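# Survey of secondary and tertiary structure
Residue-level listing of the chains:
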Amino acid sequence: MLFFSTNKKSPAVDFRQATINGQAPDRGLYFPETIPQLPAAFWLTMKDKSKEEIAFEVIKPYVGNAIADAELKRIVAETVNFEIPLVQISERIFSLELFHGPTLAFKDVGARFMSRCLGHFAADGGAITVLVATSGDTGGAVASGFDGVPGVRVVILYPSGKVSRVQEWQLTTGGNNILALEVNGDFDDCQRMVKQAFSDEALRSEIFLTSANSINVARWLPQQFYYFFALQQAAFTKPVFSVPSGNFGNIGAGLLAFRSCLPVSHFIAACNANDTVPRYLKGEGYHPHASIATISNAMDVSDPSNFVRILELMNHDDERLKSLVSADRISDDETIATMKEVYRQYGYVLDPHGAVAYLALERWLREHPSEYGIFLETAHPVKFPDSVESVLGKPLPIPDRVSKLQDKPKHSIPIPVSYERLKEVLLA
Ligand SMILES: *Cc1c(COP(=O)(O)O)cnc(C)c1O
C-alpha cells in the first residue's frame, strides 16, 4: 500500500516512510492510494473475533510489508489492551466508551499504535524527535505512549492555563525522553509554532522531526478499530455515529472504515462553538475564525487539520459529503444542560465532549425515529472536573492510575509564543 500526499507534490511512500515523515514534504497529508474492501467473510465472522484479530485485519492492508505479521500482531494487541464497551443509555442511544486506556482518552488508541510503530522503525534508524501541539488530550496520550521508548524524544507544546489539572499531570510527569513546553498562548499558537518547525528546512537538516498529531497515518488509521468494535457489540445494524470533532481525525477514521464497507447509515460531526465545518456544510464556504475557548477544550480548533482527508474520502464531492455527514454546533450552555439532564434521567455521567456528541445525536434521532445512534465518549469525565463537578454537585473519584501522577514532580519549560525560542529548545 502506498500513501500519496493530498498536495500531490511529494512522492507516494509506504507505511514506514509515511509514519516516519508524519506530514508529507509538500505539507500535504498522507492518504492511502486505495481503500481496502473487507471481504464478506470478515463480517460474517466478526462477532466471533477478538479485538486483536479485528484490529489486525483492518490495519494489515495499510501496513503491508512494512512490519512483519508477528510484530504487527504484538503492536495491535498492546494498542487495544483495554476495554472499549458499548453502553446503552436510552432506548436508541449508546455510548462507545473510549476512555478506559492509560490516559483516559480515545487518543490512547492512536498514540499507543503510533509510538510502537515508530519505536519499531527507530530501532533500525537514527534518533527521532516527535514534535506535537496539544490542546490537552493528545499530549498526554502521546507522552504516555512514548514514555521510555528508546531512540525517540517527544517535545509537546501546550497552552498554559488552558488544559485541565489532570491533563497537565499527564503532560509533565513523563520520563526523560518527554519534554513539555508550556506556551504562553492558545492552542492555535502552539499548532502554528509546530507547523513552522516542520517547514524549517535548516532545522530539519539538523534534527529528524516527525509529528504525532492526528495527521500521522499511524495515529489516524488505528482509530478505525473501535468503529468495528462498536458494531461487533451492537444488536442493531447501520447505526448513526455522532463524533465529537476538533481536528476531524476521529470522524475521518470512521469515514475511512465506512469506505471499507463498515455498515453505517450516517455520521454526525458534533462541534462546539468552533463551527467552521458546520458552516461549511450549510454552504457558507470554508472560513476558519480565531479559535474560541469552550468547556470541551479538546475540540477548540477552528481550522481542522484532517478536513482535507474528509474531502478526499468523499472524492471532493460536496453533495456526497452532505448526504453522509451532517454537522451540528453545540454551545457551552447546551453542553452543561445535556450533562445535567443525562445524569438526572439516566444516572450517566458525560464529559463535556461526549455531551456535545450526545446532544447532536439526540437532535438527529428526533428527526429519524427508526434509527439507532452511537456517540463516541472520547474522554473520562474526571478529566474535566470543573464542569463535571458543577453538574454532579460533588467530585468524581479519580482512577488510581491517574491520581498517582500528582505525586510525581512536574517537569515543564515555560516559553512565549516565539518560534525562535522553540527552535532553541529543539536544538539544545
Ligand atoms: C481530541 C479530542 C477530540 C477531537 O478529536 P479529533 O480527532 O481532533 O476530531 C474529542 N474529544 C476529546 C476528549 C479529545 O481529546
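The structure presented is a predicted model; accordingly, all values stated were derived computationally and were not measured. (Residues numbered from 1 in each chain as written. Predicted model: local features only at pLDDT ≥ 70, side-chain atom pairs only at ≥ 80, totals over all residues. Heavy atoms only, no water.)

### A look at the site of the ligand
Not every one of the 15 residues close to the ligand is listed here, only the nearest: Lys107, Asp137, Gly246, Asn247 and Thr378. Interatomic distance of 2.5 Å between a side-chain N/O atom of Lys107 and an oxygen atom of the ligand. Thr378 has a polar side-chain atom sitting 2.8 Å from a nitrogen atom of the ligand. The fraction of the free accessible surface of the ligand (380 Å²) that becomes covered by protein chains is 97%. For the shell around the ligand, the residue count by class is 6 nonpolar, 7 polar and 2 charged. (Near = heavy atom within 4 Å. Polar contact = N/O pair within 3.5 Å; in protein donor to acceptor, adjacent residues only side chain to side chain. Areas by Shrake-Rupley, 256 points an atom, 1.4 Å probe, with all protein chains shown as cover. Nonpolar A, V, L, I, M, F, W, Y, C, P; charged D, E, K, R; others polar.)

### A few points about the environment of Ala293
Mapped onto the secondary structure, Ala293 falls in the loop between helix 13 (276–284) and helix 14 (307–313). A sequence separation of 106 residues divides Ala293 from Phe187, and the C-alpha atoms of the two residues are 9.5 Å apart. (Helix = DSSP H or I, 4+ residues; strand = E, 2+ residues; numbered from the N terminus.)

### A closer look at the packing of aromatic side chains
A complete count under the given rule lists 21 aromatic pairs for this structure. Ring centres of Phe94 and Phe236 lie 4.9 Å apart, and the angle between their planes is 50°; this geometry places the pair in the tilted category. Linking Phe94 in strand 4 (residues 93–97) with Phe236 in the loop between helix 11 (225–233) and strand 9 (240–244), this pair joins segments that are 142 residues apart in sequence. Phe236 carries the same exposure label as Phe94, and that label is buried. Ring geometry for Phe236 versus Tyr372: centroids 4.7 Å apart, planes at 10°, classification stacked. With Phe236 in the loop between helix 11 and strand 9 and Tyr372 in the loop between helix 17 (352–367) and strand 12 (373–377), the pair connects residues that are 136 residues apart, well separated along the chain. For Tyr372, a relative accessible area of 32% gives the class partly exposed. In this structure, Lys73 packs its charged tip against the face of Phe56, placed 4.9 Å from the ring centre. Over the aromatic face of Trp220 sits the side chain of Arg309, whose NZ or CZ is 4.3 Å from the ring centroid. (Phe/Tyr/Trp six-rings, centres within 6.5 Å; stacked < 30°, edge-to-face > 60°. Buried < 20%, exposed > 50% of the residue type's maximum accessible area, 1.4 Å probe, protein only. Lys NZ or Arg CZ within 6 Å of the ring centre and 35° of its normal.)

### Considering the pattern of salt bridges
Enumeration according to the criterion identifies 17 salt bridges in this entry. Residues Arg192 and Asp189 are paired through a salt bridge, measuring 3.1 Å at the closest nitrogen-oxygen approach. A residue pair is termed a helical-turn pair when its members lie 3 or 4 positions apart in one helix, as Arg192 and Asp189 do in helix 8 (residues 187–198) at 3 residues. In this structure Asp189 comes out as buried when scored by relative accessible area, which is 16%. Between Arg366 and Glu362 there is a salt bridge, with its nearest N and O atoms 3.2 Å apart. Of this pair, Arg366 and Glu362 both sit in helix 17, 4 residues apart, roughly one helical turn. Overall, Arg366 belongs to the exposed group, its relative accessible area being 57%. When salt bridges that share partners are traced, they join Glu71, Arg74, Glu78 and Arg116 into one network. (Salt bridge = Lys/Arg side-chain N within 4 Å of Asp/Glu carboxyl O.)

### Looking at the packing of helix 16 (residues 332–346) against helix 18 (residues 385–392)
Where helix 16 meets helix 18, the axes come as close as 9 Å, and the angle between the chain directions of the two elements is 50°. Comparing their axes, helix 18 and helix 16 come out oblique. As helix 16 packs across helix 18, the resulting crossing turns out to be right-handed. Every residue of helix 18 that contacts helix 16 at Ile336, Met339, Lys340 and Tyr343 is listed here: Ser387, Val388, Ser390, Val391 and Leu392. Looking at the contact of helix 16 with helix 18, its residues break down into 6 nonpolar, 2 polar and 1 charged. (Axes fitted to C-alpha atoms, helices over the stretch in contact; angles between N-to-C directions. Parallel < 35°, antiparallel > 145°, perpendicular 65-115°, else oblique. Left-handed = near helix turned anticlockwise from the far one by under 90°. Contact = heavy atoms within 4.5 Å.)

Note that every value here comes from positions in space, so none of it alone points to a role or purpose.
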